[in-house]
Every structure is written in structure tokens, then in C-alpha cells.
Amino acid sequence: MRHQVCIIGAGPSGLLLGQLLAKAGVDAVILEARSADYVLSRIRAGVLESGFVDLMREAGCAGRLEQEGLVHGGFSLAFDGRIERIDLQGLTGGKSVVVYGQTEVTRDLMEARAAIGAPIVYEAEDVALHDFDGSHPRVTYRKDGASHEIACDFIAGCDGFHGASRRSVPERAIASFERVYGFGWLGLLADVPPASEELIYARHMHGFALASMRSHTRSRYYIQVPLSDQVGDWPDDRFYDAFRRRLPDEVAERVVTGPSLEKSIAPLRSFVAEPLRFGRLFLAGDAGHIVPPTGAKGLNLAASDVHYLASGLIEHYAEGSDAGIDGYSARALARIWKAERFSWWMTSMLHLFPEAGGFSARMQLAELDYIATSKAAAITVAENYVGLPY
Ligand code: APR
Ligand code: PHB
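Residues numbered from 1 in each chain as written. Chains lettered and ligands numbered in written order. Predicted model: local features only at pLDDT ≥ 70, side-chain atom pairs only at ≥ 80, totals over all residues. Heavy atoms only, no water.

*Asks:* So what's going on with the overall build of the chain? Which residues, and what values?
*Replies:* Within the chain one finds 13 helices and 20 strands. Taken over the C-alpha trace, the chain has a radius of gyration of 21 Å; the compact-globule value for 390 residues is 21 Å, and the two agree within 12%. Expressed along its principal axes, the backbone C-alpha trace of the chain runs to roughly 60 × 40 × 40 Å. Among the 390 residues that make up the chain, the fraction classed as buried is 54%. Considering only contacts within the chain whose residues lie at least 6 apart along the sequence, 72% involve residues at least 24 apart. By element, 51% of the accessible surface of the chain is carried by carbon and sulfur atoms, the whole surface being about 16,400 Å². One finds the centroid of the 39 positive side-chain charges in the chain at a distance of 2 Å from the centroid of its 49 negative side-chain charges. (Helix = DSSP H or I, 4+ residues; strand = E, 2+ residues; numbered from the N terminus. Rg over C-alpha atoms; globule rule 2.2 N^0.38 Å. Buried < 20%, exposed > 50% of the residue type's maximum accessible area, 1.4 Å probe, protein only. Contact = heavy atoms within 4.5 Å. Areas by Shrake-Rupley, 256 points an atom, 1.4 Å probe, with all protein chains shown as cover. Lys, Arg positive; Asp, Glu negative; His and termini not counted. Charge placed at Lys NZ, Arg CZ, Asp CG, Glu CD.)

Written out as C-alpha cells, the structure is:
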């Protein structure tokens, strides 16, 4: 079997890339290790920058997002009994974000791919990348016991942090930069109306909490927990008690409780691989970098990578120019590092670092008070939150 591009992974990166390429007449196949149902059962992020929404439009997949997505013109920071709103629109000249779950983004992209009949192989086992340092890369996999091989011009490694693509690069060719935090986020999804119309990021002496949502009737709440905790340690009642305790009273009073539809713990990590291109293999999305979720940059960074990569590949086929693919890694990394900085900074400012002591805690409060009282400081938060330009 031969395709122009072989995309590994059917998360948001791989599916969005596939759709943008298909629109431009570039032929790509997607290989995904899991089943479609499994991919759709993962509950992940939910805040989209306007650049992401534009790309979904370009891909012809923004219909439901435009109908059902909630436009948010601000969010709040809660600390020290205060609640301070960041007026995204007012501080950025009218920009906002859209609250719409990653699961729904994935569903829309999968349906669009099925509608155009573009090839996608689910439950592809033992996916392996070959010869991407030469001009004839290949990808092999097994499906239902049979072995398959795909010959292609380019491989797009969109298979997430634990995927095969980054691991197939020789260690001496890749540099990794990493910070692991000693805690995770325990997330709970429930069909209860959100406690607040906009998101609230709360710093509290017991740990961080985030009140987010998926719709007017579905809430997504998070609390910081030690990495040693298990989901089983947190029955719903215990979660809601801890969550309410970390919010300002006026918000805590409005928290409606209800049975969890999903509950999971995600460790926080910052990670960047450099470069993002190895011959005819490109890494995009979580395969190349991870941000902690504070600031909601993970999914949005995947989208900017895909934008740069899709335009480079389309330029290669349409105009015979390699300028876009040659510049991909540097262009993507410039934006990635700024989002890494913002996510690390938001994480540092809002979480409990028990080992860091009183000085660090005072620094967090001074930082938050500065944002609340300085327009210059608030603008830097807002312009990063709505997303730096592509
Ligand atoms: N072969 C094929 N597919 C694989 C392999 C493999 N060896 N390993 C992983 N995959 C698949 C996973 O099952 C998953 O569906 O690759 C996909 C990667 O998807 P994501 O992890 O969602 O990564 P990405 O598409 O880059 O999306 C980034 O998703 O995880 C969030 O925080 C992240 O919001 C960010 C966004
Ligand atoms: C979410 O709704 O899942 C969410 C929102 C904002 C974040 C992280 C996660 O910063």
C-alpha cells in the first residue's frame, strides 16, 4: 500500500492534520493503536483558542463547535479570599476562547473523515517506523493477525507522549527538556450546572482547584492531589468537599453535586523534544511536547503544530517548495516554548508546593495581587490565555 503521508495516531493532532491534508488533495492514511470507541472515551481538555476554531473551520469541521461551543470572554483567578476576573476581551482587543470538549473535537473530526471516506486503521498493532532518514520511508503494523506495510513520502508522528514515533528516533539525534511536578490533577465530570459562568482557577493553602465546564449542564472540576493518591481514594463526596473548601465561599455555595460520569488523575509534566523533524518524520502535538494543564495550552499547541506542518506539506505537493517543511521544527518550537513558559508559570503561581516553604507562597500571592492590580500584568496573562498568534 502507498500513500503520500502516513499519520500515526488518531488524537486531535492526527485527525486535524488528516482533514487539512484531505481538503488540499494530499492523500494520507491514519494508523491508530486503539479503537475509535476507546479514543472517544478519553476525557481531556476543553478550552479552544480562536486559532484552533479557525483551523476547524478550515478543515470544514466547525459546524457543531460553532453551535454548541460556549464563547468565554473572561475567566477568574481566586486566591486569599478574593476573586479577580481577567477580562480577556477587554485586555486583548476583543479576543475570547471557546469552551468545547476535546472529546467532541475528536468526534467531529472522526465523523468528517468517515464522511469523505479517507482511510483510517483502528487497532493497528506494533506500529513501527522505518527508513525515515532516507527518501523512501515505510511504516509497518499488524491488524487482525496480518502484517501490513505502508510506503509513503512522509511520516507524521501524532501518537502522543507514549507513542512509537519519538521513540524510533536515535537517542543521539534528539534532545529532551523536562520538568515533572510532584502532584497531579484529579478531574471529575458530572451532569450538574457549572458553579460559575466562567472558569475559575483557585490557589488555596490546601492546593489548587479549577472549576470548568463542558456545557450549561455539564461541569468539569479539578483538584490538585499528591501523585501517591488513587482515584479510589476519592469518592465523589470527598472530592466535592475538598473542591468546595478550595473555592471562595460565594462560589462554593453554588456548587451543585451529582454523581461523577468520569474521574481520573493526570500527573503534571512539562516536556519538549528538539528538533521536531528527523529526515522525513515530523513530530506534532503530544508526541513532541507536553504542558501541564494550567492555562489550557496542550490541545491548542497541537493545533498550531498541525497548522505549520499541514501548510508545509501542502506547499511541498502544490508548489514543489520545501521551505515550509524545512522551517517546521523551528517555527513550531518558537510557539511551543512560549506556551511551555506560560503553562509552567501559571502552574507555579497557583499550586501548593509543600516543600517550597513560606517565601514561595508569599511570591505566589504577590504575583496574583500584581495581576489583579496592574493592567500590564493582566494583559500578559490575557494575551497568552487567548493564544499567541500563529
Ligand atoms: N501507534 C498508533 N497510534 C498510537 C500509538 C502507536 N504506537 N501510540 C499512541 N497512539 C495513539 C493514541 O492511542 C492516541 O489516540 O495516538 C493518539 C495520540 O493522541 P493524543 O494523546 O490525544 O495526542 P495529540 O493528538 O497530540 O493531542 C494533543 O491531546 O492529550 C491531549 O493534552 C493533550 O490536549 C492535548 C492533545
Ligand atoms: C478543562 O475543562 O478540562 C480544562 C479547562 C482549563 C484548563 C484545563 C482543563 O486550564
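*Asks:* Just give me the short version of the sheet that holds strand 20 (residues 289-290), but keep the residues and values in it.
*Replies:* The sheet built from 8 strands is open, its strands ordered 6-5-14-15-16-13-17-20 with mixed pairing. In the strand order of this sheet, the two ends are held by strand 6 (82-86) and strand 20, each with one partner. Bridge count for strand 13 (residues 175-190) against strand 17 (residues 260-274) is 13 bridges, and the pairing is antiparallel. Following the sheet pairing, Gly 187 is matched in strand 17 by Ser 264. Relative to strand 17, helix 11 (residues 323-350) is tilted by about 125°, and along the sheet it contacts strand 5 (75-79), strand 13, strand 14 (200-202), strand 17 and strand 20. Sitting on the sheet, helix 13 (residues 375-385) touches strand 5, strand 6 and strand 14, and the angle it makes with strand 6 is about 60°. (Pairing = 2+ DSSP bridges. Axes fitted to C-alpha atoms, helices over the stretch in contact; angles between N-to-C directions.)

*Asks:* Please set out the sheet that holds strand 12 (residues 154-157) residue by residue, giving values where relevant.
*Replies:* Note on sheets: strands pair through backbone hydrogen bonds, and any given pair is parallel or antiparallel. Ordered by their spatial adjacency, 6 strands build an open sheet running 8-2-1-12-19-18, and the pairing between neighbours is mixed. The strands lining the two open edges of the sheet, one partner per strand, are strand 8 (120-121) and strand 18 (277-278). Here 2 bridges tie strand 2 (residues 28-31) to strand 8, and the two strands are oriented parallel to one another. Bridging from a neighbouring strand, Leu 31 pairs with Val 121 of strand 8.

*Asks:* Now, about the site of ligand 1: what can you tell me, with residues and values included?
*Replies:* Inspection of the region around ligand 1 gives 25 residues, with Ser 13, Glu 32, Arg 42, Arg 44 and Gln 102 positioned closest. Measuring from an oxygen atom of ligand 1, one finds a side-chain N or O atom of Glu 32 at 2.6 Å. Between ligand 1 and the protein, one listed contact pairs an oxygen atom with a side-chain N or O atom of Arg 42 at 2.7 Å. In the complex, 87% of the free accessible area of ligand 1, which totals 700 Å², lies under the protein chains. Of all the elements in the fold, those that place two or more residues in the shell around ligand 1 are helix 1 (12-23) and helix 10 (298-319). The leading source of residues in the shell around ligand 1 is helix 10, at 3 residues. Residues of the shell around ligand 1, tallied by class, amount to 11 nonpolar, 8 polar and 6 charged. (Near = heavy atom within 4 Å. Polar contact = N/O pair within 3.5 Å; in protein donor to acceptor, adjacent residues only side chain to side chain. Nonpolar A, V, L, I, M, F, W, Y, C, P; charged D, E, K, R; others polar.)

All quantities given are derived from atomic positions and should not be read as evidence of function.
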